[in-house]
Amino acid sequence: MSRIVTIEIVCRDAGIEQHLVRQWIERDWVRPDPLPDGGFAFHEIDLARVHLLVQLRALEMGEAGMPVVLSLLDQLHDARRALRLVREAAARAPLPVRQSLLQSLDRASASARDISGTGEA
Amino acid sequence: MAQDPYELLGVGRDASADDIKRAYRSLARKLHPDLNPGDADAEARFKAINAAHGLLSDADKRARFDRGEIDAEGQERAPPPPPGGRRWREHADGAEGARYRWHRGEAGSDDADAGEFEDLFADYLRRASAGARAGGPRRGSDVQYSLTVSFLDATLGATNRITLADDRTLDVKIPPGIETGGVLRLRGRGRPGREGGADGDALIEILVAPHPVFTRDGAVIRLDLPVSVREAVLGERVTVPTPGGSVAMRLPDNADEGTVLRLRGKGIAAHGDVPAGDVLVTLRLRIGPRDAGLVEALRNWQPPPDAPDPRAELMAALRRAGGEP
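Now for a quick tour of the structure. Predicted model, so just to flag it, every value in this text is computed and none were measured.

**What about the overall build of chain A?**
Along the backbone of chain A there are five helices and two strands. Secondary structure elements in chain A, listed N-terminal to C-terminal, are α-α-β-β-α-α-α. Within chain A, the proportion of its 121 residues that are buried is 31%. Summarising the internal contacts of chain A: among those between residues at least 6 apart in sequence, 46% fall at separations of at least 24.

**Concerning the pairing of strand β8 (residues 237–242) of chain B**
Residues and elements named next belong to chain B. Of the two faces of β8, only the one carrying Val238, Val240 and Thr242 is buried; Arg237, Thr239 and Pro241 on the other face are not. In the sheet, β8 pairs with strand β9 (residues 245–250) via six bridges, with the strands oriented antiparallel. In the strand pairing of β9, Val238 is matched with Met249. Joining the antiparallel neighbours β8 and β9 is a turn of two residues.

**A few points about the interface of chain A and chain B**
The interface is formed by 33 residues belonging to chain A together with 27 residues belonging to chain B. With a closest N to O distance of 2.8 Å, B:Arg99 and A:Asp46 form a salt bridge. The tally of links between chain A and chain B comes to 13 residue pairs in polar contact (both at pLDDT 80 or more). Of all the secondary structure elements, the ones that give two or more residues to the side of chain A that touches chain B are α1 (7–14), α3 (44–58) and α4 (65–92) of chain A. With 13 residues, α4(A) is the largest single contributor of residues to the side of chain A that touches chain B. The residue makeup of the side of chain A that touches chain B, split by class, is 14 nonpolar, five polar and 14 charged.

**A few points about the nonpolar core**
If you look at the biggest cluster of nonpolar residues, it comprises 36 residues, and the most contacted ones within it are B:Ile204, B:Ile206, B:Val240 and B:Val281. Both domains that meet at this core, namely domain 2 (143–208) and domain 3 (221–299) of chain B, each give it at least three residues. The contact partners of B:Val240, leaving out residues within four places of it in the chain, are B:Leu223, B:Leu225, B:Gly245, B:Ser246, B:Val247, B:Met249, B:Leu263 and B:Val281. Counting residues in each nonpolar core, the second largest holds 27 residues, with A:Leu20, A:Val21, A:Trp24 and A:Val30 among its members.

**Considering the environment of B:Val233**
All names here are of chain B. Along the chain, Val233 turns up in helix α8 (residues 229–234). For Val233, a relative accessible area of 58% translates into the label exposed. On a C-alpha basis, the gap between Val233 and Asp253 in space is 7.1 Å, while along the polypeptide they are 20 residues apart.

**Points about the pairing of strand β11 (residues 279–286) of chain B**
Here strand β7 (residues 220–228) of chain B pairs with β11(B) via eight bridges, running parallel. Pairing of B:Leu223 across the sheet is with B:Val281, part of β11(B).

**Some remarks on the side chain of B:Asn160**
All names here are of chain B. Topologically, Asn160 is positioned in strand β2 (residues 158–163). Judged by its relative accessible area of 13%, Asn160 is buried. Ignoring any residue separated from it by four or fewer positions in sequence, one finds Asn160 in contact with Leu147, Thr148, Val149, Asp153, Leu170, Asp171, Val172 and Ile174.

**Side note on the sheet that holds strand β6 (residues 215–217) of chain B**
Residues and elements named next belong to chain B. If you walk across this open sheet you meet the four strands as β6-β7-β11-β10, and the pairing is mixed. Bordering the open sheet on either side are β6 and β10 (260–263), each of which pairs with just one other strand. Across the sheet, the mean angle separating the axes of adjacent strands is 40° when strand polarity is ignored.

**A short note on the packing of aromatic side chains**
By the definition in use, this model includes three aromatic pairs over all chains. Taking 6.5 Å as the distance between ring centres and 15° as the angle between the ring planes, the aromatic pair formed by B:Phe151 and B:Phe214 counts as stacked. Of this pair, B:Phe151 sits in helix α7 (residues 151–156) while B:Phe214 is found in the loop between β5 (202–208) and β6, placing the two residues 63 residues apart along the sequence. There is no split in this pair, since B:Phe151 and B:Phe214 are both buried. Lying over the aromatic face of A:Trp29, A:Arg27 brings its terminal NZ or CZ to 5.1 Å of the ring centre.

**Describing a nonpolar patch on the surface**
A contiguous nonpolar surface patch, about 390 Å² in accessible area, is contributed by B:Ile287, B:Leu294, B:Leu298 and B:Trp301. In this structure, B:Ile287 sits in the loop between β11 and α9 (292–299).

**A word on α3(A)**
End to end, α3(A) covers 21 Å across 15 residues, agreeing with the expected 21 Å (1.5 Å per residue, within 8%). Taken together, the buried positions of α3(A) are A:Ile45, A:Asp46, A:Leu47, A:Ala48, A:Arg49, A:Val50, A:His51, A:Leu52, A:Leu53 and A:Leu56.

**Observations regarding unusual backbone geometry**
A positive phi is found at A:Asp28, a non-glycine position, where the angle reads about 70°. Counting through the fold element by element, A:Asp28 comes out in the loop between α2 (18–26) and β1 (33–34).

Definitions and cut-offs
Residues numbered from 1 in each chain as written. Chains lettered and ligands numbered in written order. Predicted model: local features only at pLDDT ≥ 70, side-chain atom pairs only at ≥ 80, totals over all residues. Heavy atoms only, no water. Helix = DSSP H or I, 4+ residues; strand = E, 2+ residues; numbered from the N terminus. Buried < 20%, exposed > 50% of the residue type's maximum accessible area, 1.4 Å probe, protein only. Contact = heavy atoms within 4.5 Å. Pairing = 2+ DSSP bridges. Salt bridge = Lys/Arg side-chain N within 4 Å of Asp/Glu carboxyl O. Polar contact = N/O pair within 3.5 Å; in protein donor to acceptor, adjacent residues only side chain to side chain. Nonpolar A, V, L, I, M, F, W, Y, C, P; charged D, E, K, R; others polar. Core = buried A, V, L, I, M, F, W, Y, C linked by side-chain atoms within 4.5 Å. Domains from an automatic or database assignment. Axes fitted to C-alpha atoms, helices over the stretch in contact; angles between N-to-C directions. Phe/Tyr/Trp six-rings, centres within 6.5 Å; stacked < 30°, edge-to-face > 60°. Lys NZ or Arg CZ within 6 Å of the ring centre and 35° of its normal. Patch = residues over 30% accessible without salt bridge, like charges linked within 9 Å, V, L, I, M, F, W, Y side chains within 5 Å. Areas by Shrake-Rupley, 256 points an atom, 1.4 Å probe, with all protein chains shown as cover. Expected span 1.5 Å × (residues − 1).

This is the structure we're talking about:
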């Protein structure tokens, strides 16, 4: 079962100040559920996000670099989730469909090799 | 940071409830502020063992502390992060990762083309599977209507005719017991589908008009019924209006102002597996014009000495509130 925690617990858990987390929320880097009383409900994924930001900060990622890294990271995970959906859909498809998918994938990767092989640079 | 409550009380983690109680009592006797006046250290320790005892004497809290769910101060503890940097990746690649979907621009800015990546994929696959057929079968869209029904129709059920957007008329069956905000879905009565697609639905939001006499209270209908002094005192038969028509009812011997009587099955009509609801009748005593005969009769009447004081409850409530006049 997933747990929901408050900003106080997030801060204690991650060892950071509240104002930092609030700043991240304002910048949309962390997206907890807003509560009617002005507080926030953090799900496990939000907690993991805070830990990720703490780790990136520890790498001395500058304020300016952070949005760039986050946007690339988020796009990467978007693509991975989309790919997973396609993979799952393909796995559920009937055998002939899967076989024809495999064939066209083979053809596509072969032609990709051809293009890179001709030294198109 | 609070110390470990087991250490504070000097007991093992497997100590029984009795062991804990004994340890707490012997420490409390030693550290009680009354026995150590002015000793700040003893006072602090006394507070600490009290808190420790409070936590460990509550079996539920103790179990949660042992499992690491709460700390020594009884505060919720965040689940410990698993080792390694795999955590964010696990979340981000799971279905819940959509929470952190990338979108162009700042938060709150107008980014209508926010990267609905999964949707794009699904859309692409749908189009591809539809092949050469342009568009393909499409379900018609739903159409929303609102319909005001009378209180009695909503209580007893009825069929109302409405006129749709395209001038067709439609008979809507109102189920008994429907309340304002209830929505009826009429399958296939929305916009027509395209190329063999199903027709959309008509969604009819119901507004129940108020009634001058009856009110709805959950599953029952309420009614205030004025009765005369004679009817109430002598327990006479009175006529009571109900949604389905008037019924005769004999007032009970002890009928009084505010007495609530139940008329079974005379309220919301039976529907599905739900039996017919009740009408709750609240008696309202009306003295009416002072008739010489009544005044005369009361003047000659002496209440018995042990008659209850009608204001006894009121005065008792005042006394309880500490505001006796």
